[in-house]
Amino acid sequence: MSEYDFDRIIERRGTGCEKWDMMEAIFGAKDLVPLWVADMDFASPPEVVRALLRRVEHGVYGYTGYSDGYFNAVTGWMRRRHGWDVRREWIVPCPGVVPGLNLLVRAFTRPGDRVIVQQPVYHPFMLAAENNGRRVLNSGLRLEGGRYVMDLDDLRKKARSRRVKMLILCSPHNPVGRLWTRDELAETGSICVENGIIVVSDEIHSDLVLGGRRHVPFASLSEELAACSVVCTAPSKTFNLAGLQTANLIIPDAKLRREYSVAQEECGFFSANAFGTVALEAAYTYGEPWLEALLKYIEENLRFLSEFITRKIPRITLIEPEATYLAWLDFRGLGMDSRALKDFLRHSAGVALGEGHIFGGGGEGFARVNLACPRKILEEGLGRLANAVDGL
Ligand SMILES: Cc1ncc(COP(=O)(O)O)c(C=O)c1O
């Protein structure tokens, strides 16, 4: 038994949280079981809550900066969890990975340039390019024998275009759950180096690796790749701190770092979130036992999901995730188009899932389930899904 109680259901309604409080407005249906947006229904580690309480009780919440303790916590975490020696000066804090992606696009590409993404993928990647007047070029993943792989031949072809300036890599990959191998990353890197493409490696899910696997930080592969890449990290997925808006971009190359910092300053991002910094420091310093227990719970939820689907909804296929608390489900066996599947999930089943079409090409006919919730909630959602499929 874990000393942490991940089975405890904490009422989140009334806290202004997106997952529960905004669901009806977003999905247009009442009383859905929320298994969608990528945050957790668990409380953060007790050490984090205690550190925040102490900070709250202080009572003064003025402008805040990033302390030695903050940077040491980040470098210590990267060394212990990922075997990567990050130098303090490489770390550029920013108010979230998504704001960081937008600023990186502005810093390293020009309007009209192409940004490669590998769909189906976390949709703010596309928005970061499009909302800034850049164009998305999709080098889609391929589903081979129940596992997604990169299409490296396609990537090589597309990377040759002179308009392509950036690849946004999702590592590990949301929504398909792949943990990219050293070889896949190295080959992707060599294609980008050959063509002068900057790699933005979004590694926000990298602490959530399942089955004892190891994540490889992109910029740790070689000095050559460190010189043309940015690694995006945050404690927000790992410790459920997304509402505190504190992330770090790791930019080993001094010139890229200067260029990025200018883009960030131009938007007026200077100071830190007084609570985010405290939470990050406590989480990265004391949070490992909690994280190990969390990963076990998520693995058990994954096993529960897998067995449930095999026994009760065999028309749906699970794409087994290697990392993240997200599971990608193939609903194509139900023979519905995107609109019909959306209606079926929302109105017949009564579940809110990450609907596949939002992740771009290759997402139609799929949906993403969030496993970071007490098992009872997952069970309720899956039960509803099974009944709805039986009723078809
Ligand atoms: C791949 C990926 N990047 C970034 C984010 C969000 O990052 P942030 O909350 O720091 O903006 C998410 C959240 O789901 C994500 O899945």
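This text goes with the structure placed above it.
Being a predicted model, the structure only gives us computed values, none of them experimental.

**Structural notes on helix 13 (residues 338-349)**
Item 1. Helix length check: helix 13, at 12 residues, gives a terminal C-alpha distance of 15 Å against a target of 16 Å (1.5 Å per residue), a fit within 8%.
Item 2. Buried-residue contacts for helix 13 involve helix 2 (23-27), strand 13 (351-355), strand 14 (366-370) and helix 14 (375-390).
Item 3. Once helix 13 finishes, Gly350 follows within two positions and takes phi at roughly 80 degrees, a positive value.

**Things to note about the site of the ligand**
Item 1. Around the ligand, the neighbouring residues are Ala38, Gly96, Val97, Val98, Pro99, Tyr122, Cys170, Asn174, Asp202, Ile204, His205 and Lys237.
Item 2. A distance of 2.7 Å separates an oxygen atom of the ligand from a polar atom in the backbone of Val97.
Item 3. Between the ligand and Val98 there is a distance of 2.9 Å, counted from an oxygen atom to a backbone nitrogen or oxygen.
Item 4. Considering the ligand on its own, with 400 Å² of exposed area, one finds that the protein chains cover 88% of that surface.

**Brief notes about the pairing of strand 13**
Item 1. Counting buried positions along strand 13 gives 5 out of 5 residues, so the element sits mostly inside the fold.
Item 2. Pairing between strand 13 and strand 14: 2 bridges, direction antiparallel. Within strand 14, the residue paired with Gly354 across the bridge is Arg368.

**Digging into the pattern of salt bridges**
Oppositely charged side chains can form a pair if their charged atoms are brought close together.
Item 1. Per the counting criterion, the structure on display carries 27 salt bridges.
Item 2. Glu144 is the salt-bridge partner of Arg142, the closest N and O atoms lying 2.6 Å from each other.
Item 3. When salt bridges with common partners are traced through the structure, they connect Arg12, Lys19, Asp39 and Asp41 into a single cluster.

**Points about the packing of helix 5 (residues 97-108) against helix 10 (residues 254-266)**
Item 1. With their axes 9 Å apart at the nearest point, helix 5 and helix 10 run at an angle of 115 degrees to one another. Taken together, the axes of helix 5 and helix 10 lie roughly perpendicular to each other. The interaxial crossing formed by helix 5 with helix 10 has right-handed handedness. Contacts from Gly100, Leu103, Leu104, Ala107 and Phe108 in helix 5 reach Leu256, Glu259, Tyr260, Ala263 and Gln264 in helix 10.

**Focus on the sheet that holds strand 13**
Item 1. Read across the sheet, 5 strands follow the order 1-13-14-12-11 without closing on themselves; strand pairing throughout is mixed. Because the sheet does not close on itself, it has two edges, and the strands there are strand 1 (33-35) and strand 11 (317-319). Averaged over all pairs of adjacent strands, the angle between strand axes in this sheet comes to 40 degrees, irrespective of strand direction.
Item 2. On the sheet, helix 14 packs against strand 1, strand 13 and strand 14 and is oriented at approximately 105 degrees with respect to strand 1.

**Describing helix 10**
Item 1. Under the 1.5 Å per step criterion, the end-to-end length of helix 10 is 18 Å for 13 residues, consistent within 8% with the ideal 18 Å.
Item 2. Every buried residue of helix 10 is listed here: Leu256, Arg257, Tyr260, Ala263 and Gln264. Each buried residue of helix 10 lies within a common arc of 125 degrees when the element is viewed along its axis, so the set occupies one face. Residues of helix 10 that are exposed and point over 90 degrees away from its buried face: Lys255, Arg258 and Glu266.
Item 3. Where helix 10 is buried, its residues touch strand 2 (91-94), helix 5, strand 8 (198-202), strand 9 (229-233) and strand 10 (247-250).
Item 4. The backbone nitrogen of Lys255 lies 3.2 Å from a side-chain oxygen of the residue at the head of helix 10, namely Asp253.
Item 5. Trailing helix 10 by a residue or two, Gly268 shows a phi angle of about 80 degrees, which is positive.

**A closer look at the side chain of Asp151**
Item 1. Within the secondary structure layout, Asp151 lies in the loop between strand 6 (147-149) and helix 7 (152-159).
Item 2. Taking relative accessible area as the criterion, Asp151 reaches 18% and is therefore assigned buried.
Item 3. The contacts of Asp151, once residues within four sequence positions are left out, are Ser139, Gly140 and Arg142.

**Some remarks on the packing of aromatic side chains**
Item 1. Under the defined criterion, the tally for this structure stands at 19 aromatic pairs.
Item 2. Three or more aromatic residues link up through ring pairs in this structure, and these residues are Tyr4, Phe6, Phe42, Trp77, Phe239, Tyr284, Trp290 and Tyr297.
Item 3. The ring centre of Tyr297 lies 4.4 Å from the NZ or CZ of Arg375, which sits over that ring.

Each value, and the rule that gives it
Residues numbered from 1 in each chain as written. Predicted model: local features only at pLDDT ≥ 70, side-chain atom pairs only at ≥ 80, totals over all residues. Heavy atoms only, no water. Helix = DSSP H or I, 4+ residues; strand = E, 2+ residues; numbered from the N terminus. Expected span 1.5 Å × (residues − 1). Contact = heavy atoms within 4.5 Å. Near = heavy atom within 4 Å. Polar contact = N/O pair within 3.5 Å; in protein donor to acceptor, adjacent residues only side chain to side chain. Areas by Shrake-Rupley, 256 points an atom, 1.4 Å probe, with all protein chains shown as cover. Buried < 20%, exposed > 50% of the residue type's maximum accessible area, 1.4 Å probe, protein only. Pairing = 2+ DSSP bridges. Salt bridge = Lys/Arg side-chain N within 4 Å of Asp/Glu carboxyl O. Axes fitted to C-alpha atoms, helices over the stretch in contact; angles between N-to-C directions. Parallel < 35°, antiparallel > 145°, perpendicular 65-115°, else oblique. Left-handed = near helix turned anticlockwise from the far one by under 90°. Arc of directions from axis to C-beta. Phe/Tyr/Trp six-rings, centres within 6.5 Å; stacked < 30°, edge-to-face > 60°. Lys NZ or Arg CZ within 6 Å of the ring centre and 35° of its normal.

These results come straight from atomic positions and should not be treated as a statement about function.
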